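Below are the chains, spelled out letter by letter.
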Amino acid sequence: MNKIRILHMYADLLDLYGDSGNMEIISYRCRMRGIECEIDQYSIGSPKPDFSSYDILYIGGGADIEQQRISDDLIKYRAEIEEAYKNGIFMFLVCGGFQLMGKHYRDTNGKDIPELGLFDYYTVAETDRKKKCVGDIAIRTEFTGKTLDIVGFENHSGQTHNVKTPLGEVLNGNGNTTQGKNEGYFEKNVIATYMHGPCLAKNPEISDYIIGYCVNRNNDIPTELAPIDDTIEKNCRQIMIDRLMNN
Amino acid sequence: MNTILILIGKIIVAVLRLFKRNAGNLPGIVLWHLTRGKCCKMFKINCPIIAITGTNGKSSVTSCIAQLFEQNGKKIIINREGNNLDTGFCSLLLRYCTLGGKVDADYVVFETDESYVPVIYSQLKLDTLVVLNFFRDQLDRNGEMETLIQKINGFCKSFEGNLILNGDDPNTARLGRANPNNKNVKYFHAKPYAFATDTIFEASEGRFCPFCGETLEYDYYQYSHIGKFICKKCGFGNHEPYITAENIDLEKSVFTADGHEYSPKINSIYNIYNMTAVAATAKLYDIPQKVTHNVISNHIINNGRMETFMLGDRKTTLNLAKNPVGANMTLRVMNEMQTDKELLFVLNDKLADGIDVSWIWDINFSEFDRVHKVVTSGIRAYDIAVRIKYAGYPADKIIVCPDLDEAVAELAKTEGRKFVIANYTAVAPTRSALIKYAENHGGKNE
Ligand SMILES: [Zn+2]
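Calculation notes
Residues numbered from 1 in each chain as written. Chains lettered and ligands numbered in written order. Predicted model: local features only at pLDDT ≥ 70, side-chain atom pairs only at ≥ 80, totals over all residues. Heavy atoms only, no water. Buried < 20%, exposed > 50% of the residue type's maximum accessible area, 1.4 Å probe, protein only. Helix = DSSP H or I, 4+ residues; strand = E, 2+ residues; numbered from the N terminus. Pairing = 2+ DSSP bridges. Disulfide = S-S within 2.5 Å. Contact = heavy atoms within 4.5 Å. Axes fitted to C-alpha atoms, helices over the stretch in contact; angles between N-to-C directions. Core = buried A, V, L, I, M, F, W, Y, C linked by side-chain atoms within 4.5 Å. Domains from an automatic or database assignment. Donors = N, O, S within 2.8 Å, 3.2 Å for Na, K, Ca; no water. Tetrahedral: all angles 85-135°; square planar, octahedral: opposite > 155°, others 65-115°. Buried area = accessible area lost by both parts, 1.4 Å probe. Salt bridge = Lys/Arg side-chain N within 4 Å of Asp/Glu carboxyl O. Polar contact = N/O pair within 3.5 Å; in protein donor to acceptor, adjacent residues only side chain to side chain. Nonpolar A, V, L, I, M, F, W, Y, C, P; charged D, E, K, R; others polar.

**Some remarks on the pairing of strand β8 (residues 133-141) of chain A**
Residue and element names in this part refer to chain A. For β8, the buried fraction is high: 7 of the 9 residues fall into the buried class. As paired strands, β8 and strand β9 (residues 148-156) are joined by 9 bridges and run antiparallel to one another. Bridge pairing in β9 links Arg140 to Asp149. Linking β8 to β9, which pair antiparallel, is a turn of 6 residues; within it Gly145 sits at a positive phi near 100 degrees. By the bridge criterion, 4 bridges tie β8 to strand β11 (residues 168-172) in an arrangement that is antiparallel. Note on β11: the bridge partner recorded for Thr141 is Gly168.

**Observations concerning the state of the cysteines**
Residue and element names in this part refer to chain A. For the coordinates displayed, the defined rule picks out 0 disulfides over all chains. Left without a disulfide partner, Cys37 is nearest to the cysteine sulfur of Cys30, which lies 4.3 Å away. Residue Cys37 is classed as partly exposed on the basis of its relative accessible area, which comes to 23%.

**Regarding the sheet that holds β9(A)**
All names here are of chain A. The sheet built from 4 strands is open, its strands ordered β9-β8-β11-β12 with antiparallel pairing. Looking along the sheet, the strands with just one partner apiece sit at the ends: β9 and β12 (182-183). Across the sheet, helix α6 (residues 231-245) lies against β8, β9 and β11, angled at about 70 degrees from β9, the strand it touches most.

**Quick word on the nonpolar core**
A:Ile59, A:Met91, A:Leu93, A:Met101, A:Phe119 and B:Phe368 are the most contacted members of the largest nonpolar core, which totals 145 residues. No other element matches the 11 residues that helix α8 (residues 269-284) of chain B contributes to this core. Per-domain counts for this core show at least three residues from each of domain 1 (43-298) and domain 2 (307-445) of chain B. Of all hydrophobic cores here, the second largest spans 51 residues; its members include B:Met42, B:Cys47, B:Ile77 and B:Cys231.

**So, the coordination of the zinc ion**
Residue and element names in this part refer to chain B. Within the protein, the zinc ion binds to Cys209 (SG), Cys212 (SG), Cys231 (SG) and Cys234 (SG); these donor distances fall in the range 2.2 to 2.3 Å. Considering all 4 donor atoms around the zinc ion, angles at the metal cover 95 to 119 degrees and the coordination shape is tetrahedral. Counting along the primary sequence, the residues that act as donors to the zinc ion give the motif C-x2-C-x18-C-x2-C. Judged by relative accessible area, which is 4%, Cys209 ranks as buried. Taking the relative accessible area as the measure of exposure, Cys212 reaches 28% and is therefore partly exposed.

**Concerning unusual backbone geometry**
In this chain, A:Gly197 is followed by A:Pro198 through a cis amide linkage whose omega measures -5 degrees. Relative to the elements of secondary structure, A:Pro198 occurs in the loop between β14 (190-193) and α5 (204-216). Located in the positive-phi region is B:Ser224, a residue other than glycine, with phi close to 45 degrees. Residue position: B:Ser224 is located in the loop between β9 (217-223) and β10 (226-230). Its relative accessible area of 3% is what places B:Ser224 among the buried residues. One non-glycine residue, B:Asn247, lies in positive phi territory at about 50 degrees.

**Examining the interface of chain B and chain A**
Bring the parts together and some accessible area is lost; that lost area is often taken as the interface size. With 23 residues of chain B at the interface, the matching set in chain A holds 31 residues. Overall, the association of chain B and chain A removes approximately 2400 Å² of surface from exposure, summing both partners, and the carbon and sulfur fraction of that is 56%. Three residues, B:Trp361, B:Tyr382 and B:Tyr390, lead the burial of chain B against chain A; their summed loss comes to 29% of the area buried on that side. Counting across the chain B and chain A interface gives 6 salt bridges.

**Regarding the sheet that holds strand β2 (residues 49-53) of chain B**
Residues and elements named next belong to chain B. Taken together, the 9 strands give an open sheet; going across it, the order is β3-β5-β2-β6-β7-β8-β11-β12-β13, and neighbouring strands pair in mixed fashion. Edge positions in the sheet fall to β3 (76-78) and β13 (260-262), since each has one partner strand and no second. Adjacent strand axes in the sheet meet at a mean angle of 15 degrees when their direction is disregarded. In this structure, strand β12 (residues 254-257) lies alongside β13, joined through 3 bridges in antiparallel fashion. In the sheet register, Thr256 faces β13, and the bridge partner there is Glu261. Where helix α3 (residues 58-71) meets the sheet, its contacts fall on β2, β3, β5 (107-111) and β6 (128-131), and the angle it forms with β5 comes to roughly 170 degrees. Contacting β3 and β5, helix α4 (residues 86-96) runs over the sheet at an angle of about 150 degrees to β5.

**Side note on helix α9 (residues 289-298) of chain B**
All of the buried residues in α9(B) are B:Val291, B:Thr292, B:Val295, B:Ile296 and B:Ser297. Residues of α9(B) that are buried make contact with α3, β12, β13 and α8 of chain B.

**Concerning the side chain of A:Asn203**
Residue and element names in this part refer to chain A. Along the polypeptide, Asn203 turns up in the loop between β14 and α5. Looking at Asn203, its side chain comes within polar contact range of the main-chain oxygen of Val151, at 2.7 Å. Filtering out sequence-adjacent residues up to four positions away, Asn203 remains in contact with Ile150, Val151 and Arg237.

**Here we look at the pattern of salt bridges**
Inspection of the entire model under this criterion finds 40 salt bridges over all chains. Taking the shortest distance from any N to any O, the salt bridge between A:Asp73 and A:Lys76 comes out at 3.0 Å. The class of A:Lys76 is exposed, set by a relative accessible area of 53%. Salt-bridge contacts for B:Asp349 lead to A:Arg243; the nearest nitrogen and oxygen are separated by 2.7 Å. Remark: A:Arg243 occurs in helix α6 and B:Asp349 occurs in the loop between β16 (341-346) and β17 (371-377); the pair is interchain, linking two chains.

**Considering the domain arrangement of chain B**
Residues and elements named next belong to chain B. Segmenting chain B into domains produces domain 1 (43-298) and domain 2 (307-445). Computed over C-alpha atoms only, the centres of domain 1 and domain 2 are separated by 28 Å. Tallying the contact residues gives 20 residues for domain 1 and 18 residues for domain 2. Where domain 1 abuts domain 2, roughly 1700 Å² becomes buried across the two surfaces, and 50% of that area is made up of carbon and sulfur atoms. Taken together, the links from domain 1 to domain 2 amount to 0 salt bridges. Joining domain 1 to domain 2, the criterion identifies 6 residue pairs in polar contact (both at pLDDT 80 or more). Tallied by class, the residues present in the side of domain 1 that touches domain 2 amount to 9 nonpolar, 7 polar and 4 charged.

Okay, structure coming up:
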């Protein structure tokens, strides 16, 4: 396969802290390997997308006030998204996107807003401003098969509970809950995280994991991605890790 | 009671002066506590107050409006040091008022932080509010811009003074509908310039009509979401301009407004909008045409805002960018210039900058026209390098130099017209590094 098709949902409403940059990064890293990459946008009011025709579904984060509007819209496609997920579409979900795939979102009035329910975690709005999770974060992951420390910027008040398979362990920062232990959610074809920045900027391994997954999705013989010189990204990450660990 | 409070304030100002310290915000902060947050209410201002607010361009426009009155022989009070909160206003007035709180001036011109418009002008009678634009700011990314506009809108609902609004910014123009009884709403507008586009080029907000939710349609975009827009459903955007900038020619650096030709020294579409706001204010206060012409044509800024330096024989323009719009502005000016160029981008993430730097991903780096080298510097030198790399600029032409002096030397060593972008806390050190290099290599700060 030499073409990756991405469905970027709600780009106009969910684009915090450079989240749309993730798309620029994936296209760049595909382009450098001669892999074609096509990104379609979907938002409220667009015609119904054919979820089965995509390799990646991407949703970023946004203001909490948009959440209800988006979940009302997204829930119309529950069956199609679940089917695409079961057929192995890669789901890359940041912040709001992460929350939207859980069971529900308990708002500040204690009311449960049903979410897509694809995964069995759920999110509770935190009203105490002091418990807001804001700042740079470093986490330790194993998703590449090796220990890998990655960094991002988190800004959320929602507390996500009941995550059975997190993306990583928090080294410095909050993660899924205030002063929490774990960050994000991971499955072979799902990376969900609170990390903005954008998330992929300093963590080229995540982009390559996603691209590699898509390239090999329908291939019996796994192909290796050609290496890219990531010196700038890795220096950038190391500086942030050093700064966070010396805090 | 007022007299005692003012006396306390004046004593603090005097003591700070004695120690040769700039009074800054401190007297205001003390009085703010003593008055339970109503520190502006103590003053009796009988002259017109003109407030300037908006995300970008406040300092320039405030300074020009002050000059309109000054050059017309009036006595004015202005906050020059960007002290634009209620406590800053209070500290400033303390220096000029009598013990009874009476302020002696012909006009008070006050650059006002967006969120403090309702706070200050619920305590003091405002004559004119000039609103330049609203852009999402790096500190303001949780739907807070909407909250901010709502606050000012709330103030405008009962405001009957003059409202000078950017008619080409839907976020700003909507304030004109806040009080249907206000007959003093005036919009400034600009006809398309050579680089206006049919489709949106830079990240923006305000795509939808704030009154009916319909997608706004544009005849043209000047930059970001600024342009001639209309809501086909409810007619939002059909306002008559009070003043229009036209025949905009940035190559010759001229434009006309109300039949008068101006030749500003700062040559960008952003400055055209700012100067149109100035011209609108001049028209409102019947400033003689000669004065207006003089102010608009001679306006320059020497604080890292489109400031020019000579690095040896290489001309260099430094510009502050606190947000994507500010950075896009320099990139636009750079790309529009038909010559070989090089760019230095200095990025810090100190508290005053906003601890998050992801706003750089909202900058449009997709076009680099004849830009042969990019140097990056500052605390977050690598972050901006990563950003520019992923925009498609060749990675081998990006040079990361966290040390500023090294970065300036790297920039200066090759040919080409130089552009420097620095964010908030990076501007002052960058300016110093440029001046230092110029001094050691025979250039000058123009
Ligand atoms: Zn409308």
